[in-house]
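# Coordinate inspection notes
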Amino acid sequence: YEEGAQGPAVVVDDENNVFAAWSANYPSGEAEVVLWEWPAGGTFWAPRDTAGYDRLRQARAPAIATDGGVVCLAWHEGDLGQPNEVVLSCEKSSGTIWLGDISGTPAARSLVPSIALDALRGPLVAWRERISPPPEQVLFSQGVPPGAPPGAVTDGSASGVDAPALAYHDGYVYAVWI
């Protein structure tokens with residue numbers, strides 16, 4: 001139990017290692033994403049380093065995925081006084097593969113990412129892009145940068161969208177949102 005913890009996410013890899021991530025909120029008002037692992041056959045949780053990307057100290061809403069020995073986290077970082085960004089961190093046990101801002105929209109609020117992972121295609125991330133004034137959109141990014149910029153999944157006609165969720169199976173990406 002951690003006081004101030006929010007937004008837990010959990011995933012199990014092909015070797016039965018369990019990974020859990022959440023946003024740890026501190027009395028100072030800052031927040032960071034925390035990642036822990038329960039190794040297959042283990043008897044306790046062990047903390048894992050999240051590679052230290054936390055420029056704004058407002059990391060929230062983590063999403064987690066694993067495939068082929070790679071663990072990826074996505075979260076949004078920012079607060080009400082500034083635009084948010086979606087951050088992606090992917091690592092193997094040998095070290096960090098990629099870490100940084102993938103939203104690429106400095107004037108918008110990029111929120112509540114969802115992630116799926118494919119060993120061939122890399123991380124697949126969708127998030128809510130809040131633009132003022134509306135419309136809002138769901139954006140999608142595939143792979144680690146540099147690559148194609150994020151693209152809109154929605155047509156921009158909705159006055160609001162929220163809570164995108166992704167799944168990947170057998171060569172297809174599935175997305176839902178409200």
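A few points on the structure. Throughout this description, residue numbers start from 1 for each chain and increase along the sequence as written. Given that the model is predicted, a residue must reach a pLDDT of at least 70 before its local features are reported, and side-chain atom pairs must reach 80 or more before they are shown or counted; all residues, however, enter totals for whole chains, interfaces and linings. Just so you know, side-chain values use all the structure's heavy atoms and leave hydrogens and water out.

We call a pair of cysteine sulfur atoms a disulfide whenever their separation is within 2.5 Å. In total, this model carries 1 disulfide according to the counting rule given. The partner cysteine of C72 in its disulfide is C90, sulfur to sulfur 2.1 Å. Judged by the sign of its S-S torsion, about 115 degrees, the bond between C72 and C90 is right-handed. You can see C72 sitting in strand 6 (residues 70–77) and its partner C90 sitting in strand 7 (residues 85–92), a full 18 residues away along the chain. A relative accessible area of 1% means that C90 is categorised as buried. A run of H or I in DSSP becomes a helix once it reaches four residues, and a run of E becomes a strand once it reaches two; helices and strands are each numbered from the N terminus. Here's how the labels work: a residue is buried when its accessible area is under 20% of the maximum for its type, exposed when over 50%, partly exposed in between, all with a 1.4 Å probe on protein chains only.

On to the pairing of strand 1 (residues 5–12), then. Examined bridge by bridge, strand 1 and strand 2 (residues 18–25) share 6 bridges and lie antiparallel to one another. Note that in strand 2 the partner of V10 across the bridge is A20. The pairing criterion for strands is at least two bridges between them, as found by DSSP. Count of turn residues in the strand 1/strand 2 antiparallel hairpin: 5 residues, of which N16 carries a positive phi of about 70 degrees.

This part covers the packing of aromatic side chains. Within 6.5 Å between ring centres, the rings of Phe, Tyr and Trp (the latter by its six-membered ring) count as paired, and their orientation is classed by plane angle as stacked under 30 degrees, edge-to-face over 60, tilted in between. In this structure the tally under the stated criterion is 3 aromatic pairs. Aromatic pair W22 and W36: ring centres 6.3 Å apart, planes at 20 degrees, arrangement stacked. You can see W22 sitting in strand 2 and its partner W36 sitting in strand 3 (residues 31–38), a full 14 residues away along the chain. The exposure class of W36 is partly exposed, given its relative accessible area of 26%. Consider the rings of W38 and W45, whose centres lie 5.5 Å apart with planes at 80 degrees: the pair is edge-to-face. Using a relative accessible area of 37% as the deciding quantity, one classes W45 as partly exposed.

The next point concerns the sheet that holds strand 12 (residues 151–152). Pairing in this open sheet of 4 strands is antiparallel, and the strands run 9-10-11-12 from one edge to the other. In this open sheet, the two strands that pair with only one neighbour each are strand 9 (109–118) and strand 12.

Right, let's talk about unusual backbone geometry for a bit. Although it is not a glycine, N16 sits at a positive phi angle of roughly 70 degrees. Counting through the fold element by element, N16 comes out in the loop between strand 1 and strand 2. Unusually for a residue other than glycine, A163 sits at a positive phi of about 50 degrees.

Among the structural elements, H76 can be located in strand 6. Relative accessible area serves as the criterion here: at 10%, H76 is assigned to the buried category. Within the structure, the side chain of H76 is placed 3.1 Å from the backbone nitrogen of V112, a separation counted as a polar contact. Among residues more than four places away in sequence, those in contact with H76 are Q58, A59, R60, A61, N84, E85, V86, S110, L111, V112 and P113. N or O atoms within 3.5 Å of each other form a polar contact, as long as, within protein, one can give a hydrogen and the other can take it, and as long as residues adjacent in sequence are counted only when both atoms are side-chain atoms. Any pair of residues with heavy atoms lying within 4.5 Å of one another is described as a contacting pair.

Moving on, we come to the sheet that holds strand 7. Within the open sheet, the 4 strands sit side by side as 5-6-7-8. Their pairing is antiparallel. Two strands close off the open sheet at either side, each with one partner strand: strand 5 (59–67) and strand 8 (95–101). Neighbouring strand axes in the sheet, compared pairwise and without regard to direction, differ in orientation by 15 degrees on average. Where strand 6 and strand 7 come together, 7 bridges link them in antiparallel fashion. Across the sheet, residue L73 finds its bridge partner in strand 7, namely S89. Helix axes are fitted to C-alpha atoms over the stretch in contact, other axes to C-alpha atoms as well, and angles between N-to-C directions run from 0 to 180 degrees.

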